[in-house]
Amino acid sequence: MAAQPIVILGGFLITPEAYEPMRRWLAAQVQQPVVVVPASRLDWLLTVSGWGWARLLDRTAALLQQQAALSPTGKVTLIGHSSGGVMLRLLLADQPFQGRCYDGKALADRLVMLGSPHTALKATPLRQWVDRHYPGACFAEQVHYLSVAGDLPLADGSATARRLAPSSYRNITGNEAGPGDGLVPVSAALLADSETLVLEGVGHGDTAGIWEGAPNLQPEFRAMHQKKLDKLARAAKKPTRPSRNMRSLSPRTSGPARWTGTTSSTVWRPTLASVCLR
């Protein structure tokens with residue numbers, strides 16, 4: 001299948017610059033425009049209401065129309081991270097929402113959802129509404145749905161992930177043990193009737209933490225960042241000089257494995273490229 005433009009809708013409280021590395025990398029792979037829906041933290045806070053959802057979906061629909069007009073296939077690939085994946089399910093629908101009728105399935109034929117909480121015991125009313133009206137991959141005849149979940153052992157995640165994951169998992173599935181990506185359990189991220197993929201060792205986002213120095217299942221990602229890993233390893237071996245203005249100064253890392261909050265923009269890349277180039 002020919003490559004085509006991509007529109008990315010991010011996750012709750014995550015602003016577009018967090019996805020810029022992923023956007024640039026995907027654009028280089030597909031040789032097509034890749035755009036991220038502009039969304040501030042205020043925009044996301046307003047999504048407690050249907051009006052707030054419509055604000056972001058209006059912007060997404062405008063970019064979808066724009067990119068479809070430029071597409072060699074006449075179609076666009078949609079990528080939604082976290083809450084964005086749930087909202088894009090609604091964008092595909094041809095029924096009115098807040099006085100609008102988006103019918104995104106007329107212009108998008110692929111939907112990739114990264115760590116999206118499709119089902120939850122304590123889901124927000126709007127997420128419940130989406131799952132009730134558009135359950136599973138309900139437009140599968142027109143759109144290829146792919147659900148991607150991360151399975152991150154909490155021992156490998158950040159302190160924030162270890163603190164937040166049990167309560168988040170419990171609120172979503174009733175079981176605080178996981179498995180999940182540090183925020184969303186695997187079972188909740190895999191939309192019914194969609195193609196599914198579980199990536200081991202991948203967290204939900206910046207707060208989950210990824211150890212770049214540990215063995216990585218994505219060789220392309222590993223090779224691309226090898227120079228940075230080597231530099232970090234050399235820096236970690238250098239002795240730390242005492243500061244004149246401080247009684248003591250401890251190194252930030254004790255070895256080559258260093259956490260960087262890059263999940264949403266880098267670890268997904270090989271998976272996204274394989275889907276978008278189909």
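The structure contained in this document is the topic of the report that follows. (Residues numbered from 1 in each chain as written. Predicted model: local features only at pLDDT ≥ 70, side-chain atom pairs only at ≥ 80, totals over all residues. Heavy atoms only, no water.)

### Topic: the overall build of the protein
A count of helical and extended segments in the protein gives 11 helices and eight strands. Taking all 278 residues of the protein together, the buried fraction comes to 48%. Of all intrachain contacts in the protein linking residues separated by at least 6 positions in sequence, the fraction that spans at least 24 positions is 75%. Here the protein has roughly 13,400 Å² of accessible surface; of this, 55% comes from carbon and sulfur atoms. (Helix = DSSP H or I, 4+ residues; strand = E, 2+ residues; numbered from the N terminus. Buried < 20%, exposed > 50% of the residue type's maximum accessible area, 1.4 Å probe, protein only. Contact = heavy atoms within 4.5 Å. Areas by Shrake-Rupley, 256 points an atom, 1.4 Å probe, with all protein chains shown as cover.)

### Considerations on the sheet that holds strand 6 (residues 195-200)
Strand order in this open sheet of six strands is 2-1-3-4-5-6, and the pairing throughout is parallel. A strand with exactly one partner marks an edge of an open sheet, and here the two such strands are strand 2 (34-36) and strand 6. Across the sheet, the mean angle separating the axes of adjacent strands is 20° when strand polarity is ignored. Against the sheet, helix 3 (residues 50-70) touches strand 1 (6-9), strand 2, strand 3 (76-81) and strand 4 (108-114), its axis set at about 170° to strand 1. Along the sheet, helix 4 (residues 83-91) makes contact with strand 1, strand 3 and strand 4, crossing strand 3 at roughly 140°. (Pairing = 2+ DSSP bridges. Axes fitted to C-alpha atoms, helices over the stretch in contact; angles between N-to-C directions.)

### A word on the nonpolar core
Side chains of a nonpolar character, in soluble globular proteins, are inclined to be buried together. In this structure, Trp-53, Leu-78, Leu-91, Leu-92, Phe-97, Leu-111 and Tyr-145 are the most contacted members of the largest nonpolar core, which totals 35 residues. At the level of elements, strand 1, helix 3, strand 3, helix 4, strand 4 and helix 5 (125-133) are the ones that each hand at least two residues to this core. Sorting elements by how many residues they give to this core places helix 3 first, with eight residues. When near neighbours in sequence (up to four residues on either side) are disregarded, Leu-91 contacts Leu-57, Thr-60, Ala-61, Leu-64, Leu-78, Tyr-102, Asp-103 and Gly-104. With 18 residues, the next largest nonpolar core counts Ile-8, Met-22, Leu-114 and Leu-146 among its residues. (Core = buried A, V, L, I, M, F, W, Y, C linked by side-chain atoms within 4.5 Å.)

### With respect to the pattern of salt bridges
Inspection of every chain in the model, using the stated rule, returns 10 salt bridges. Two residues, Arg-24 and Glu-20, come together in a salt bridge whose shortest N-O distance is 3.6 Å. One end of the pair, Arg-24, and the other, Glu-20, are both in helix 1 (residues 20-30), four residues apart, so they sit about a helical turn from each other. Residue classification places Arg-24 among the partly exposed positions, given a relative accessible area of 47%. For Glu-20, a relative accessible area of 26% puts it in the partly exposed group. The network of salt bridges with shared partners includes Glu-20, Arg-23 and Arg-24. (Salt bridge = Lys/Arg side-chain N within 4 Å of Asp/Glu carboxyl O.)

### Focus on the pairing of strand 1
Residue alternation in strand 1 divides its side chains into two sets, Ile-6 and Ile-8 and Val-7 and Leu-9, and both sets are buried. Judged from the three bridges that link them, strand 1 and strand 2 form a sheet pairing that is parallel. Paired with Ile-8 across the bridge in strand 2 is Val-36. Taken together, strand 1, helix 1 and strand 2 constitute a β-α-β crossover, and its handedness is right-handed. Pairing of strand 1 with strand 3 involves four bridges; the strand directions are parallel. Its bridge partner lying in strand 3, Val-7 is registered against Leu-78. (Right-handed = clockwise from strand over helix to strand, strands pointing away.)

### Re the environment of Ala-54
With respect to the helices, strands and loops of the structure, Ala-54 is situated in helix 3. Overall, the relative accessible area of 0% leaves Ala-54 in the buried class. C-alpha of Ala-54 to C-alpha of Gly-99: the two residues are 45 residues apart in sequence and 9.1 Å apart in space. Beyond its immediate chain neighbours, meaning those up to four positions away, Ala-54 contacts Phe-97, Gln-98, Arg-100 and Tyr-102.

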